Amino acid sequence: MAEESQRQADARRRHELAGQAAQAEAQAAQVQLDAFVARLVEVGATPEPLQATLLNGSRVKTDKTGWYLNKARTLAVAPDGSYYQLVTAGSALARFTGVRLLPSPPTLVIGRGGRDGETGDLADFLARALDDYTSR
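Quick caveat, the model's predicted, so the values are computed rather than measured.

*Asks:* Now, about the overall build of the protein: what can you tell me, with residues and values included?
*Replies:* Each helix and strand in the protein was counted, giving three helices and seven strands. Its helices and strands taken in sequence order, the protein reads α-β-β-β-β-β-α-β-β-α from the N to the C terminus. Based on the C-alpha atoms only, the size of the protein along its principal axes is roughly 60 × 40 × 30 Å. Evaluated residue by residue, the protein yields a buried proportion of 31% over its 136 residues. With the model as given, the accessible surface of the protein reaches about 8800 Å², and the carbon-plus-sulfur share is 53%. Across the protein, 16 positive and 16 negative side-chain charges occur, with their mean positions spaced 7 Å apart.

*Asks:* Requested: an account of the environment of Arg95, with residues and values cited.
*Replies:* For Arg95, the location among the structural elements is in helix H2 (residues 94-97). Judged by its relative accessible area of 56%, Arg95 is exposed.

*Asks:* Please provide a residue-by-residue account of the pairing of strand E1 (residues 48-54), values included.
*Replies:* Within E1, five of the seven residues are buried, leaving the element largely enclosed by the surrounding structure. Direction of pairing for E1 relative to strand E2 (residues 59-68): antiparallel, over a ladder of five bridges. Bridge assignment links Glu48 to a residue of E2, and that residue is Gly66. Between E1 and E2, which pair antiparallel in sequence order, lie four residues; one of them, Gly57, sits at a positive phi of approximately 100°. Taken together, the two bridges between E1 and strand E5 (residues 87-88) define a ladder with parallel strand orientation. Of the residues in E5, the one forming a bridge with Thr53 is Val87.

*Asks:* Lay out the side chain of Thr53 with the relevant residues and their values.
*Replies:* Looking at the element boundaries, Thr53 is found in strand E1. At 2.7 Å, the side chain of Thr53 forms a polar contact with the side chain of Arg59. Leave out the neighbours within four places in its chain, and Thr53 touches Ser58, Arg59, Leu86, Val87 and Thr88.

*Asks:* Outline helix H1 (residues 6-43), supporting the account with residue identities and numerical values.
*Replies:* The first and last C-alpha atoms of H1 sit 56 Å apart over 38 residues, in line with the 56 Å expected at 1.5 Å per residue. Among the residues of H1, those classed as buried are Ala9, Glu25, Ala26, Ala29, Leu33, Phe36, Val37 and Leu40. Considering only its buried residues, H1 is in contact with E2, strand E3 (75-77), strand E4 (83-85), strand E6 (109-110) and helix H3 (122-134). Among the residues trailing H1, Gly44 stands out with phi positive, at a value near 85°.

*Asks:* Can you break down the packing of aromatic side chains residue by residue, with the values?
*Replies:* For the structure shown, the criterion picks out zero aromatic pairs. The lysine or arginine in question, Arg128, covers the ring of Phe125, its NZ or CZ lying 4.8 Å from the ring centre.

*Asks:* An account of the nonpolar core is needed here, citing residue identities and associated values.
*Replies:* Core analysis: the largest hydrophobic core is formed by 29 residues, its most contacted members being Phe36, Trp67 and Leu69. Of all elements in the fold, only H1, E1, E2, E3, E4 and H3 reach the threshold of two or more residues within this core. Setting aside its immediate chain neighbours within four residues, Phe36 contacts Trp67, Leu69, Val77, Leu126, Ala129 and Leu130.

*Asks:* Before we move on, could you go through the sheet that holds E4 and cite the residues and values that matter?
*Replies:* The strands that make up a sheet are held in pairs by hydrogen bonds between backbone atoms, and each pair lies either parallel or antiparallel. Taking strand neighbours across the sheet as the criterion, the five strands line up as E4-E3-E2-E1-E5 in an open arrangement whose pairing is mixed. Here the strands that pair on one side only, and so sit at the sheet edges, are E4 and E5. Relative to E3, E2 runs antiparallel, the two being bridged by two bridges. The residue bridging Trp67 from the neighbouring strand is Val77, located in E3.

Cut-offs applied
- Residues numbered from 1 in each chain as written.
- Predicted model: local features only at pLDDT ≥ 70, side-chain atom pairs only at ≥ 80, totals over all residues.
- Heavy atoms only, no water.
- Helix = DSSP H or I, 4+ residues; strand = E, 2+ residues; numbered from the N terminus.
- Buried < 20%, exposed > 50% of the residue type's maximum accessible area, 1.4 Å probe, protein only.
- Areas by Shrake-Rupley, 256 points an atom, 1.4 Å probe, with all protein chains shown as cover.
- Lys, Arg positive; Asp, Glu negative; His and termini not counted.
- Charge placed at Lys NZ, Arg CZ, Asp CG, Glu CD.
- Pairing = 2+ DSSP bridges.
- Polar contact = N/O pair within 3.5 Å; in protein donor to acceptor, adjacent residues only side chain to side chain.
- Contact = heavy atoms within 4.5 Å.
- Expected span 1.5 Å × (residues − 1).
- Phe/Tyr/Trp six-rings, centres within 6.5 Å; stacked < 30°, edge-to-face > 60°.
- Lys NZ or Arg CZ within 6 Å of the ring centre and 35° of its normal.
- Core = buried A, V, L, I, M, F, W, Y, C linked by side-chain atoms within 4.5 Å.

See the structure below:
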């Protein structure tokens with residue numbers, strides 16, 4: 001087998017560094033999410049059944065409960081601190097059966113690189129959501 005070229009080694013190293021940066025960001029974001037959940041539990045805010053939005057725009061039930069983080073209800077956190085992106089693919093039957101969600105690694109910046117929708121720092125989203133849930 002041929003040795004790795006310098007170009008391949010550089011690309012592999014950039015990929016490793018990007019992965020490490022993403023992991024560090026997810027850990028920092030998780031600290032914020034855990035504090036958010038702890039504060040909600042402290043004030044007695046009860047989690048609600050989460051709904052997801054299918055790619056065709058339909059809203060469907062999910063197998064999770066938690067708190068929404070944005071007005072569009074496309075991001076949420078569960079009582080265990082798991083972070084969910086609530087836009088998902090689904091079959092025609094999903095309207096009746098719902099969808100199963102898998103947690104996503106959280107980020108410190110919501111909507112990074114996006115041109116539409118809500119974008120900003122995770123801390124800002126958490127502060128707004130905390131205000132919304134504690135004022136009920």
